[in-house]
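Notes for the structure review
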Amino acid sequence: MGHGLLQGKKGIIFGALDHKSIAWKVAERCVEEGAQIVLTNAPVAMRLGEINELATKLNCEIIPADATSIEDLENLIIKSQEILGGKLDFILHSIGMSINVRKKKDYTDLNYEWMKTTFDVSAISFHKVLQTAFKHDAINPWGSVVGLTYIAAQRTFPDYSEMAESKALLESFARSFGYHYAKKANVRVNTISQSPTVTTAGSGIKGFSDFFSYADKMSPLGNASSDACADYCVSLFSDLTRYVTMQNLFHDGGFSSMGMAPEILED
Ligand SMILES: NC(=O)c1ccc[n+]([C@@H]2O[C@H](COP(=O)([O-])OP(=O)(O)OC[C@H]3O[C@@H](n4cnc5c(N)ncnc54)[C@H](O)[C@@H]3O)[C@@H](O)[C@H]2O)c1
């Protein structure tokens, strides 16, 4: 049951592909808390995924947009405000994709054209979304923009490959753009560093299921689920976190502060 935390707020949710997607859970929780939303995803994902099912369930519209295309993003930002009847209060960026990871290229043998695409889709798209919203003055004062990231931005997780650098870039954009958006319109920009989560993107990483249980044991509270991540996103979109900005926020059951877990040694 919702608590009306997002009553009257309007937002765009990027990245709901199927029911496992973190963005799927965030969309459901936002609506439960009283928000009106527009869903968006890349045109190809609209064909492969289940986003129509979610839109029907939540009674909201879908506007396709490739997050690397400024033209698509402008259309999305303008049309969303028309559909929702006013400026936005929040945006979730829940997008990640690496062709090198998908094609199982070793980190010491990466294809640089693919790497550029990875950075564009997974990180530069965050700047593009922010810049498009900024130019169109599309977000209300005290609005909130959140991107999803992973601790491989700070520590080495060998199989995460070039996605580590993508996440470092994404987090840096949140800090830098957070300054400019705070000065312009008191808009907050943060990233949430989420535990390993069983999703299409997550499971694409080599050795994911072993790593998932390793992280679960390493984290005193266990891995944070996508439902819990959705709760955290709601809190960041709400008025209860108005002075939180330019942060990378760990939502990981304590994983990031651990040095050694006796439970793992026992195994
Ligand atoms: N699953 C995990 O273990 C985990 C952990 C930490 C952070 N994250 C991050 O969470 C976010 C969401 O991933 P997920 O795990 O829910 O997986 P997911 O596969 O469900 O979501 C990834 C989404 O990115 C979308 N996308 C890809 N290219 C796009 C483009 N050009 N334009 C617009 N959208 C595009 C996909 O269609 C998909 O909906 C990603 O940023 C991911 O890196 C995931």
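Below is a short write-up of the structure. (Residues numbered from 1 in each chain as written. Predicted model: local features only at pLDDT ≥ 70, side-chain atom pairs only at ≥ 80, totals over all residues.)

Another aspect to go through is the site of the ligand. Taken together, 27 residues lie near the ligand, and Ser21, Ala45, Gly96, Ala201 and Gly202 sit nearest. Counting only elements with at least two residues in the shell around the ligand, the list comes to helix H1 (22-32), strand E5 (139-149) and helix H8 (200-203). Ranked by residues supplied to the shell around the ligand, first place goes to H8 with 3 residues. The residue inventory of the shell around the ligand, partitioned by class, reads 14 nonpolar, 12 polar and 1 charged. (Near = placed C-beta within 6 Å. Helix = DSSP H or I, 4+ residues; strand = E, 2+ residues; numbered from the N terminus. Nonpolar A, V, L, I, M, F, W, Y, C, P; charged D, E, K, R; others polar.)

This part takes up the pairing of strand E2 (residues 36-40). Along E2, 5 of the 5 residues are buried, which leaves the element largely enclosed by surrounding structure. Side chains Gln36, Val38 and Thr40 project from E2 onto one buried face, and the interleaved Ile37 and Leu39 project onto a second face that is buried too. In terms of strand pairing, strand E1 (residues 10-14) meets E2 through 5 bridges, oriented parallel. When the sheet's bridge partners are listed, Ile12 is paired in E2 with Val38. For the crossover that starts at E1, traverses H1 and ends in the parallel E2, the hand is right-handed. Where E2 meets strand E3 (residues 61-62), 2 bridges bridge the pair, whose relative direction is parallel. In the strand pairing of E3, Leu39 is matched with Ile62. (Buried ≥ 20, exposed ≤ 12 C-beta atoms within 10 Å, placed from the backbone. Pairing = 2+ DSSP bridges. Right-handed = clockwise from strand over helix to strand, strands pointing away.)

To continue, consider the sheet that holds E3. Pairing is parallel across the open sheet formed by 7 strands, whose spatial order is E3-E2-E1-E4-E5-E6-E7. With partners counted over all chains shown, the strands left at the sheet margins are E3 and strand E7 (248-251), one partner each. The pairing of E5 with strand E6 (residues 188-194) spans 6 bridges and is parallel. Counterpart to Gly147 in the pairing with E6 is Thr191. Packed onto the sheet, helix H4 (residues 70-84) meets E1, E2, E3 and strand E4 (88-93) and runs at close to 150° relative to E2. Across the face of the sheet, helix H10 (residues 226-237) comes into contact with E1, E4, E5, E6 and E7 while running at roughly 165° to E6. (Contact = placed C-beta atoms within 7 Å. Axes fitted to C-alpha atoms, helices over the stretch in contact; angles between N-to-C directions.)

Looking at where Cys30 falls in the secondary structure, it is placed in helix H1. In this structure the C-alpha to C-alpha distance between Cys30 and Ala230, which are 200 residues apart in sequence, comes to 8.1 Å. Contact partners of Cys30, with chain neighbours within four places excluded, come to Leu6, Gly11, Ile13, Ala35, Ile37, Val234 and Phe237.

As a packed pair, H1 and H10 sit with axes 8 Å apart at the nearest point and diverge in direction by 50°. With respect to each other, H1 and H10 are oriented oblique. Between H1 and H10 the crossing geometry is right-handed. Between H1 and H10, the contacting residues are Ile22, Lys25, Val26, Glu28, Arg29 and Cys30 on the first element and Ser226, Asp227, Cys229, Ala230, Asp231, Cys233, Val234 and Phe237 on the second. (Parallel < 35°, antiparallel > 145°, perpendicular 65-115°, else oblique. Left-handed = near helix turned anticlockwise from the far one by under 90°.)

Core analysis: the largest hydrophobic core is formed by 58 residues, its most contacted members being Ile13, Ala27, Cys30, Ile37 and Cys233. Those residues in contact with Ile13 that sit more than four places away from it in its chain are Ala23, Val26, Ala27, Cys30, Ile37, Leu39 and Leu92. In this structure, Ile151, Ala164, Met218 and Phe255 belong to the second largest nonpolar core, which totals 12 residues. (Core = buried A, V, L, I, M, F, W, Y, C linked by C-beta atoms within 7 Å.)

Relative to the assigned elements, Gly34 resides in the loop between H1 and E2. The exposure class of Gly34 is partly exposed, given the 14 C-beta atoms found within 10 Å. Taking the C-alpha atoms as reference points, Gly34 and Ser193, 159 residues apart in sequence, are found 25 Å from one another. Excluding anything up to four places from it in sequence, Gly34 contacts Gly2, Gly4, Leu6, Gln7 and Gly8.

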